[in-house]
Amino acid sequence: MMLVIELGSKFALSVYAAVAILSMLVVADKEAAVMYTAFFGYYPVLKGFFEKHLKNLPCWIMKYIVFNFTMIVSYFIVSRVFGITFSDMDSFGKFAMPVLLAAGNVVFALYDVALTRLVTAYLFRWQKHIKKLFK
């Protein structure tokens, strides 16, 4: 979020791309690398775009569509491409994935609100101090 605020979306997306490529090559936990690449890396840029161009309800709808789509695709990438099995899920039955996705939606709402509050804190408390460090 701070890169978007200070340097713009293009620079932030360039940093995201570099980190995503490096994470897929270097990070041992491929599940975490996929989650960063598929959602968490670019979401702060997308969040800013949605909030700037959409009203409240359409904004939240788009955020949830993106979140759910990327979580489902990430699951298939992790399980099919990297061969990481979710054997613990079998013990919870056929409803494990929908329940996990529903819980993820609740956590996503908290994550989105936390990002908003982090941006607010940055703009009103930390920005001036951090800018002084780089002068």
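In short, a report on the structure.

## Thoughts on helix α4 (residues 43-53)
Line of reasoning, step 1. Of the positions making up α4, those classed as buried are Y43, P44, V45, L46, K47 and F50.
Line of reasoning, step 2. The inward-facing, buried residues of α4 contact α1 (2-7), α2 (9-26), α3 (30-40), α5 (56-81) and α7 (96-133).

## Some points on the nonpolar core
Taken as a class, soluble globular proteins show a tendency for nonpolar side chains to be buried jointly.
Line of reasoning, step 1. Core analysis: the biggest nonpolar cluster contains 13 residues, and F39, Y42 and V66 have the highest contact counts within it.
Line of reasoning, step 2. Listing elements by their share of this core, those giving two or more residues are α2, α4, α5 and α7.
Line of reasoning, step 3. For this core, the element with the highest residue contribution is α5, accounting for 4 residues.

## Details of the packing of α4 against α5
Line of reasoning, step 1. Between α4 and α5, the shortest axis-to-axis distance is 9 Å and the interhelical angle comes to 155°. Overall, the two elements α4 and α5 adopt an arrangement that is roughly antiparallel. Where α4 crosses over α5, the two elements pack in a sense that is right-handed. Residues Y43, L46, K47, F50 and E51 of α4 lie in contact with α5, whose contacting residues are C59, M62, K63 and V66.
Line of reasoning, step 2. Split by residue class, the contact of α4 with α5 holds 6 nonpolar, no polar and 3 charged.

The rules behind the values
- Residues numbered from 1 in each chain as written.
- Predicted model: local features only at pLDDT ≥ 70, side-chain atom pairs only at ≥ 80, totals over all residues.
- Heavy atoms only, no water.
- Buried < 20%, exposed > 50% of the residue type's maximum accessible area, 1.4 Å probe, protein only.
- Helix = DSSP H or I, 4+ residues; strand = E, 2+ residues; numbered from the N terminus.
- Contact = heavy atoms within 4.5 Å.
- Core = buried A, V, L, I, M, F, W, Y, C linked by side-chain atoms within 4.5 Å.
- Axes fitted to C-alpha atoms, helices over the stretch in contact; angles between N-to-C directions.
- Parallel < 35°, antiparallel > 145°, perpendicular 65-115°, else oblique.
- Left-handed = near helix turned anticlockwise from the far one by under 90°.
- Nonpolar A, V, L, I, M, F, W, Y, C, P; charged D, E, K, R; others polar.

In short, shape yes, function no, at least from these values alone.
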